Amino acid sequence: MTTDTPTRRAAVIGLGSMGSGMAGSLLRAGFSVAACDVNPEAVARFAAAGGRGAANPAEAARDADVVVSVVVNAAQTEAVLFGENGSAAAMPEGAVFVSSATMDPAVARALAARLEATGRHYLDAPMSGGAARAADGGLTFLASGSAAAFAKARPALDAMAGTLYELGDAAGQGAAFKMINQLLAGVHIAAACEAMAFAAKQGLDLRRVYEVITKSAGNSWMFENRVPHILDADYSPKSAVDIFVKDLGIVQDMARAEKYPVPVAAAALQMFLMASGAGMGRDDDASVARLYAQVSGAKLPGTA
């Protein structure tokens, strides 16, 4: 006699560059996946790839064992959970909500308490790695939550993650770790952009600069990842300027609450703010280099 393994059911809320890859990873792992997005074309593409489109978070989450929220910020996460047609009331009791947005740890704790009071689980699980790693199931998750939340979410995390860090038994710890990462990421991007515009001002061969620095002590993951966007004059948004306006703004709020100085992060935030104010908010975050070029007269690839 044989027994059939029940199909695992997941929902993905948000089918942008990250969410679409994560949903695809779940499909490849054998999950039945329902997904929704504010962009109907993204939902149609997902349905054509073998998923099931849903009109809203409630419809996507109905009957799901795990609901993965891949939205931008805390406000959108709250709306996905508790707004009109929110997922919280539609999720079966005992299901887990995996929150991947970058947010203030205090907000993550508040959302978790509110959801867990209804008999559902909340896993604070911001991720890092970019769209390419999302598509191949290689993301890094910085997760915290109860043992029950981890147990319920683990099959889905195994499908989406190359690395899973279990960072505590309550929501907020994952969010705090992510903010340390974002502080460093934002500073490194701003520094890389400053350095490349400065190199252009010196009349250096920028591709040669990239070759030298990536083999030298001044290299960083962000330099290596973002400078090719500058070299190719390709500012289509892999990660937008306004993401770091948000994230470094959260760092500032957290630091101010603790009376802790973060002057380097503050300087980086100002560069992202200026780039956004100059109309580049939805462009790739390497656009900070364009801002430096504008104010200095440096000639970057793709500029007259």
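Just so it is clear, the model here is predicted, and its values are computed rather than measured.

1. Considerations on the domain arrangement of the chain
The domain architecture assigned to the chain consists of domain 1 (9–170) and domain 2 (176–296). For domain 1 and domain 2, the distance between their C-alpha centres works out to 28 Å. Counting residues at the interface gives 13 residues for domain 1 and 13 residues for domain 2. Viewed at the interface, domain 2 and domain 1 are joined by zero salt bridges. Across the contact surface, domain 1 and domain 2 share four residue pairs in polar contact (both at pLDDT 80 or more). Class assignment of the residues belonging to the side of domain 1 that touches domain 2 gives a composition of seven nonpolar, four polar and two charged.

2. Overview of the side chain of Ser-69
Its place among the elements puts Ser-69 in strand β4 (residues 66–69). Looking at Ser-69, the relative accessible area reads 1%, which means it is buried. Non-local contacts of Ser-69, meaning those with residues more than four positions away in its chain, are made with Ile-13, Thr-77, Val-80, Phe-97, Val-98, Ser-99, Ser-100 and Ala-101.

3. Topic: the packing of helix α1 (residues 17–28) against helix α7 (residues 147–160)
Packing of α1 against α7 brings their axes to within 8 Å, and their N-to-C directions diverge by 110 degrees. On the basis of the axis angle, α1 is roughly perpendicular to α7. Contact residues: Met-22, Ser-25 and Leu-26 in α1; Ala-156, Ala-159 and Met-160 in α7. Looking at side-chain class alone, the contact of α1 with α7 contains five nonpolar, one polar and no charged residues.

4. Focus: the pairing of strand β6 (residues 121–124)
Bridging between strand β5 (residues 96–99) and β6 involves four bridges; their strand directions are parallel. Each bridged residue has a counterpart across the sheet, and for Phe-97 the counterpart in β6 is Tyr-122. Read as a crossover between parallel neighbours, the route from β5 over helix α5 (residues 105–116) to β6 is right-handed.

5. A look at the sheet that holds strand β7 (residues 127–128)
With respect to topology, three strands assemble into an open sheet ordered β7-β8-β9, the strand pairing being mixed. On the outer flanks of this sheet lie β7 and β9 (161–166), each paired with one strand and no other. When β7 meets strand β8 (residues 139–143), the two strands line up antiparallel, connected through two bridges. Bridge assignment links Ser-128 to a residue of β8, and that residue is Thr-140.

6. Focus: the side chain of Lys-246
Looking at the secondary structure, you find Lys-246 in helix α11 (residues 241–258). There is a polar contact of 3.3 Å between the side chain of Lys-246 and the backbone oxygen of Val-72. Apart from residues no more than four positions distant in its own chain, Lys-246 is found in contact with Val-72, Asn-73 and Thr-102.

7. Some points on the pattern of salt bridges
Working definition: two side chains of opposite charge can pair if their charged atoms are close together. For the structure shown, the criterion picks out 10 salt bridges. The shortest N-O distance in the salt bridge between Arg-226 and Asp-285 comes to 2.7 Å. Of the two residues, Arg-226 is situated in helix α10 (residues 221–231) and Asp-285 in the loop between α12 (263–280) and α13 (288–296); the sequence distance between them amounts to 59 residues. Arg-226 sits in the buried class, given a relative accessible area of 8%. Using a relative accessible area of 0% as the deciding quantity, one classes Asp-285 as buried. In this structure, Arg-256 engages Asp-253 in a salt bridge whose closest nitrogen and oxygen atoms are separated by 2.5 Å. Of this pair, Arg-256 and Asp-253 both sit in helix α11, separated by three residues, roughly a single helical turn. The class for Asp-253 is partly exposed, based on a relative accessible area of 40%.

Rules and cut-offs
- In this convention, every chain numbers its residues from 1, walking through the sequence in written order.
- Per-residue local features are limited, in this predicted model, to residues with pLDDT of at least 70; the limit for side-chain atom pairs, both in listing and counting, is 80 or more; totals at the level of whole chains, interfaces and linings are taken over all residues.
- The basis for every side-chain value is the complete set of non-hydrogen atoms in the structure, without hydrogens or water.
- Domain segmentation is taken from an automatic or database assignment of domains.
- Whether two residues touch is decided by their heavy atoms; if any such pair falls within 4.5 Å, the residues are in contact.
- For salt bridges, the criterion is a side-chain nitrogen of Lys or Arg within 4 Å of an Asp or Glu carboxyl oxygen.
- Pairing of N or O atoms within 3.5 Å defines a polar contact, subject to two protein rules: one partner must be a possible hydrogen donor and the other a possible acceptor, and residues neighboring in sequence count only if both atoms are side-chain atoms.
- By the convention adopted, Pro, Cys, Tyr, Trp, Phe, Met, Ile, Leu, Val and Ala count as nonpolar, Lys, Arg, Asp and Glu as charged, and the other residues, Gly among them, as polar.
- Every helix listed is a DSSP run of H or I at least four residues long, and every strand listed is a run of E at least two residues long, numbered separately from the N terminus.
- A simple rule labels every residue: compare its accessible area, found with a 1.4 Å probe on the protein chains alone, to the largest value its type can have, and call it buried under 20%, exposed over 50%, or partly exposed in between.
- Axis definition: a line fit to C-alpha positions, over the contact stretch in the case of helices; interaxial angles, taken between N-to-C directions, run 0 to 180 degrees.
- For classification purposes, angles smaller than 35 degrees are called roughly parallel, those larger than 145 roughly antiparallel, those between 65 and 115 roughly perpendicular, and all remaining angles oblique.
- Two strands qualify as a pair provided DSSP detects at least 2 bridges between them.
- By the criterion used throughout, a crossover qualifies as right-handed when its path from the first strand across the helix to the second strand runs clockwise, the strands pointing away from the viewer.

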